[in-house]
Amino acid sequence: MLEIVSFTLRPAQTIAYLVADPETREAAVIDPSWDGHVILKEAQKRGWRIGHLWYTHAHFDHIGGAGAIADALNPLPLVALHPNDHVLWRAGGGGALFGFDIDPGPEPTIDFVHGMTMKLGSNEFEVRFTPGHTPGHCVFYVADTRAERSEPTGERSRSVCFCGDLIFNGSVGRTDLPGGDWDTLVKSIKEQIFTLPDDTRLLSGHGPITTVGEEKMNNPFVGGM
Ligand SMILES: [Zn+2]
Ligand SMILES: [Zn+2]
């Protein structure tokens, strides 16, 4: 079973997802966006142990809470990121462009590879490589959450995809920042998101929840299928 708690955090209203298997109490944070202490406190309240930080990509507003989370944990959480975003990670996630100097936390030691599976208790997250917003962007697909309770979705037993800044409810990720590429972004959405079941819930890095079917039909940038 997968439990999901979401946090919308400063300065870019980026959504961090705390995910856990409530039976084993193993937890991971997908994009620890900001204010790591807020995420930590919630995990502690629930008796969950954060062992992993998984990054869809290395922009500063998706990793800004990593340092505070890692500082409070022993052993340190393992950090996973696609190698194509290591340069961006080392550059502080590009925060200097926006006037932010973040503590990036522990060095990524797990390299995401397209098609690999990340395990969290009984849950399996399929890593899909989806460049375009950044060169190393990935999404994480869970085919069956078996969720009894899932705070952002509010429903049980649906597939979900944590899709970072690839696609949003009614929009898509920007491609004007260093390493972005529009044609690559569109290809990633069509090949890696629109091939998922229509009722898959899309949990993005910004904005409200949506589904694959909804975006296929109505997304003004890539929809109309
Ligand atoms: Zn981004
Ligand atoms: Zn973002």
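From a predicted model like this one, the values you see are computed outputs, not experimental measurements. (Residues numbered from 1 in each chain as written. Chains lettered and ligands numbered in written order. Predicted model: local features only at pLDDT ≥ 70, side-chain atom pairs only at ≥ 80, totals over all residues. Heavy atoms only, no water.)

(A) Main features of unusual backbone geometry. The linkage connecting Arg10 with the following residue, Pro11, adopts the cis geometry, with an omega of -15°. Within the secondary structure, Pro11 sits in the loop between strand S1 (3–9) and strand S2 (14–21). Cis geometry marks the peptide bond from Asn74 to Pro75; its omega dihedral reads 5°. Looking at the element boundaries, Pro75 is found in the loop between helix H3 (66–71) and strand S5 (78–81). In this structure, Arg25 is a non-glycine residue whose phi angle is positive, near 65°. Take Arg25: it is sitting in the loop between S2 and strand S3 (26–30). The phi torsion at Asp35 lies on the positive side, around 45°, for a residue other than glycine. (Helix = DSSP H or I, 4+ residues; strand = E, 2+ residues; numbered from the N terminus.)

(B) Layout of the state of the cysteines. Applying the stated criterion to the full structure yields 0 disulfides. Sulfur of Cys138: no disulfide; nearest cysteine sulfur belongs to Cys161 and is 11 Å away. Looking at Cys161, it has no disulfide partner, and the nearest cysteine sulfur is the one in Cys163, 5.3 Å off. (Disulfide = S-S within 2.5 Å.)

(C) Structural context of the sheet that holds strand S13 (residues 201–204). Read across the open sheet, the 6 strands follow the order S7-S8-S9-S10-S13-S14; overall the sheet is mixed. One side of each edge strand has no neighbouring strand; the edge strands of this open sheet are strand S7 (117–120) and strand S14 (210–211). Two elements, strand S10 (residues 160–164) and S13, share 4 bridges in a ladder whose sense is parallel. Of the residues in S13, the one forming a bridge with Val160 is Arg201. The strands touched by helix H5 (residues 182–193) within the sheet are strand S8 (123–129), strand S9 (138–142), S10 and S13, with S8 carrying the most contacts at an inclination of about 145°. (Pairing = 2+ DSSP bridges. Contact = heavy atoms within 4.5 Å. Axes fitted to C-alpha atoms, helices over the stretch in contact; angles between N-to-C directions.)

(D) Main features of the coordination of the zinc ion (ligand 1). The protein atoms that coordinate the zinc ion (ligand 1) are His57 (NE2), His59 (ND1), His133 (NE2) and Asp165 (OD), at distances of 2.1 to 2.4 Å. The site at the zinc ion (ligand 1) holds 4 donor atoms, and with the angles between them running 90 to 169°, its shape is irregular. In primary-sequence terms, the residues that donate to the zinc ion (ligand 1) follow H-x1-H-x73-H-x31-D. If you look at the zinc ion (ligand 1) and the zinc ion (ligand 2), they sit 3.4 Å from each other and are both ligated by Asp165. (Donors = N, O, S within 2.8 Å, 3.2 Å for Na, K, Ca; no water. Tetrahedral: all angles 85-135°; square planar, octahedral: opposite > 155°, others 65-115°.)

(E) Structural detail: the coordination of the zinc ion (ligand 2). Coordination sphere of the zinc ion (ligand 2), protein contribution only: His62 (NE2), Asp165 (OD) and His206 (NE2), at 2.1 Å. Along the chain, the residues that donate to the zinc ion (ligand 2) are spaced as H-x102-D-x40-H.

(F) Layout of the packing of aromatic side chains. Overall, the coordinates contain 10 aromatic pairs when judged by the stated rule. Seen in terms of ring centroids, Trp54 and Phe125 are 4.9 Å apart; in terms of plane orientation they differ by 70°. Their pairing is edge-to-face. Here Phe125 lies in strand S8 and Trp54 lies in strand S4 (residues 49–54), a separation of 71 residues in the sequence. Owing to a relative accessible area of 1%, Trp54 belongs among the buried residues under this scheme. (Phe/Tyr/Trp six-rings, centres within 6.5 Å; stacked < 30°, edge-to-face > 60°. Buried < 20%, exposed > 50% of the residue type's maximum accessible area, 1.4 Å probe, protein only.)

(G) Representation of the pairing of S10. Most of S10 is tucked away: 5 of the 5 residues are buried. A two-sided burial pattern is seen for S10, the buried positions comprising Val160, Phe162 and Gly164 on one face and Cys161 and Cys163 on the other. Here S9 pairs with S10 via 3 bridges, running antiparallel. Directly across from Phe140, in S10, lies its bridge partner Phe162.

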